Amino acid sequence: MRILVLNGPNLGILGRRQPEVYGTQSLAQIIDLVREHALARGATVDHLQSNHEGALIDRLELIDYDAVIVNPGALAHTSYALHDALLACGRPVVEVHISDTSAREPWRRTSVTAPAARASVIGKGWRGYLEAVDQLAEE
């Protein structure tokens, strides 16, 4: 299984950005752990982080993967275009949010991208990515 992991705006500065909310692991460290975990499950990981919505959509349109893990960041609350691209890829999608968005600002409590995913992993820190790999590997 080839898993595409997409991370949206501001996730490139994990480890420095509000560590009390997002933890101290850098995105590079998280992706290394995800790759290792996926490999143990017989899967490979390709990763893209972008602060640009269109770059994430362009990557989805390549359809050179079997499943998607997406942490859209704030795009989860605003991007119907990303929602549509996730649906259009025709692959299983798991949405991940490091923090518990339901316990944060009111505008973070609704994800417009979540309906395009078959599951969401919310508020489990960086380990949520590992849970997403497990969910996809069990299909």
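See the structure above.
Attention in this report is confined to the structure presented alongside it. Here the structure is a predicted model, which is why all the values come from computation and not from measurement.

## Some points on the overall build of the protein
Piece 1. Scanning the protein from N- to C-terminus turns up five helices and five strands.
Piece 2. Helices and strands in the protein line up, N terminus first, as β-α-α-β-α-β-α-β-β-α.
Piece 3. Over its C-alpha atoms the protein spans a radius of gyration of 14 Å, differing by no more than 12% from the 14 Å that the globule rule assigns to 139 residues.
Piece 4. In terms of principal-axis extent, the alpha carbons of the protein reach across some 35 × 30 × 25 Å.
Piece 5. Expressed as a percentage of its 139 residues, the buried residues of the protein come to 47%.
Piece 6. Pairs at least 24 apart in sequence give 75% of the contacts found in the protein among residues at least 6 apart.
Piece 7. Looking at the protein as shown, the accessible area adds up to about 6600 Å², and 50% of this sits on carbon and sulfur atoms.

## A short note on the sheet that holds strand β5 (residues 119-122)
Remark on secondary structure: sheet strands pair via backbone hydrogen bonds, oriented parallel or antiparallel.
Piece 1. Strand order across the open sheet formed by five strands is β2-β1-β3-β4-β5, with parallel pairing between neighbours. The open sheet terminates on both sides in strands that have one partner only, identified here as β2 (44-49) and β5. Neighbour-to-neighbour, the strand axes of this sheet turn through a mean angle of 20 degrees, independent of strand direction.
Piece 2. By the bridge criterion, three bridges tie strand β3 (residues 67-71) to strand β4 (residues 93-97) in an arrangement that is parallel. Each residue of the ladder has a partner; that of V70, found in β4, is E95.

## Side note on the pairing of β4
Piece 1. Extensive coverage of β4 is indicated by the burial of five of its five residues.
Piece 2. The two faces of β4 match: V93, E95 and H97 on one face and V94 and V96 on the other face are all buried.
Piece 3. In the sheet, β4 pairs with β5 via four bridges, with the strands oriented parallel. Paired with H97 across the two strands is I122, which belongs to β5.

Rules used in this analysis
- Residues numbered from 1 in each chain as written.
- Predicted model: local features only at pLDDT ≥ 70, side-chain atom pairs only at ≥ 80, totals over all residues.
- Heavy atoms only, no water.
- Helix = DSSP H or I, 4+ residues; strand = E, 2+ residues; numbered from the N terminus.
- Rg over C-alpha atoms; globule rule 2.2 N^0.38 Å.
- Buried < 20%, exposed > 50% of the residue type's maximum accessible area, 1.4 Å probe, protein only.
- Contact = heavy atoms within 4.5 Å.
- Areas by Shrake-Rupley, 256 points an atom, 1.4 Å probe, with all protein chains shown as cover.
- Pairing = 2+ DSSP bridges.
- Axes fitted to C-alpha atoms, helices over the stretch in contact; angles between N-to-C directions.

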